[in-house]
Amino acid sequence: MAQGLDFPASVAPFILRGVALFGINSVTRPKSERVEAWDRLASLLTDADLEPTMMEIGLNDVQSTAGRLMNGQIRGRIVVDVNR
């Protein structure tokens, strides 16, 4: 939760669509459980699954990419390579 711990929304749209929201406060779980959870996630998602959700940009592209991001034209994660 990079922005914060609050969730300022209604869960009604999720319930109406039959979507379950699962999560835990992983900080309070023992390390062995966290490792098990990350191992399970790693076994379910491959690099090929994650590739479409990521893009890498150079430092010079940050300003133009930020505009596209704010306009809702980009989804997923953006990695800024400061050496490019």
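Note that the coordinates shown come from a computational prediction; the quantities given were computed from them, not determined experimentally.

Analysis parameters
Residues numbered from 1 in each chain as written. Predicted model: local features only at pLDDT ≥ 70, side-chain atom pairs only at ≥ 80, totals over all residues. Heavy atoms only, no water. Helix = DSSP H or I, 4+ residues; strand = E, 2+ residues; numbered from the N terminus. Rg over C-alpha atoms; globule rule 2.2 N^0.38 Å. Buried < 20%, exposed > 50% of the residue type's maximum accessible area, 1.4 Å probe, protein only. Areas by Shrake-Rupley, 256 points an atom, 1.4 Å probe, with all protein chains shown as cover. Lys, Arg positive; Asp, Glu negative; His and termini not counted. Charge placed at Lys NZ, Arg CZ, Asp CG, Glu CD. Patch = residues over 30% accessible without salt bridge, like charges linked within 9 Å, V, L, I, M, F, W, Y side chains within 5 Å. Salt bridge = Lys/Arg side-chain N within 4 Å of Asp/Glu carboxyl O. Expected span 1.5 Å × (residues − 1).

## Overview of the overall build of the chain
(1) Moving on: In terms of regular secondary structure, the chain is built from 4 helices and 2 strands.
(2) Moving on: Traced from its N-terminal end to its C-terminal end, the chain shows the element sequence α-α-α-β-α-β.
(3) Moving on: The globule rule puts the C-alpha radius of gyration for 84 residues at 12 Å, and the 17 Å found for the chain is more than 25% above it.
(4) Moving on: Taken along the three principal axes of its C-alpha coordinates, the chain extends 40 × 35 × 25 Å.
(5) Moving on: For the chain, the residues scored as buried account for 5% of the 84 residues in total.
(6) Moving on: For the chain, the accessible surface area stands at approximately 7800 Å², while carbon and sulfur atoms represent 57% of it.
(7) Moving on: Averaging the positions of the 9 positive and the 10 negative side-chain charges in the chain gives two centres separated by 7 Å.

## Focus on a nonpolar patch on the surface
(1) Moving on: On the surface, a cluster of nonpolar side chains totalling about 660 Å² of accessible area is made up of Trp38, Leu41, Leu44, Leu45, Leu50, Met54 and Val79.
(2) Moving on: Ranked by the residues each element gives to the nonpolar patch, the list is headed by helix α2 (residues 31–44), at 3 residues.
(3) Moving on: Among the secondary structure elements, Leu41 is positioned in helix α2.

## Brief notes about the pattern of salt bridges
(1) Moving on: Going through the model one piece at a time under the given rule, you end up with 2 salt bridges.
(2) Moving on: One salt bridge in this structure joins Glu33 and Arg29, with 2.8 Å as the shortest N-O distance.
(3) Moving on: Exposure remark for Glu33: the relative accessible area of 35% places this residue in the partly exposed category.
(4) Moving on: Relative accessible area serves as the criterion here: at 34%, Arg29 is assigned to the partly exposed category.
(5) Moving on: Between Arg84 and Glu56 there is a salt bridge whose closest N-O contact spans 3.5 Å. Highlighted residues: Arg84 in the segment after β2 (77–81) and Glu56 in strand β1 (residues 54–58), separated in sequence by 28 residues.
(6) Moving on: Owing to a relative accessible area of 48%, Arg84 belongs among the partly exposed residues under this scheme.

## Some details on α2
(1) Moving on: Taking 1.5 Å as the rise per residue, α2 with 14 residues should run 20 Å; its terminal C-alpha atoms sit 20 Å apart, in good agreement.
(2) Moving on: In terms of residue burial, α2 counts as a barely covered element, since only 0 of its 14 residues are buried.

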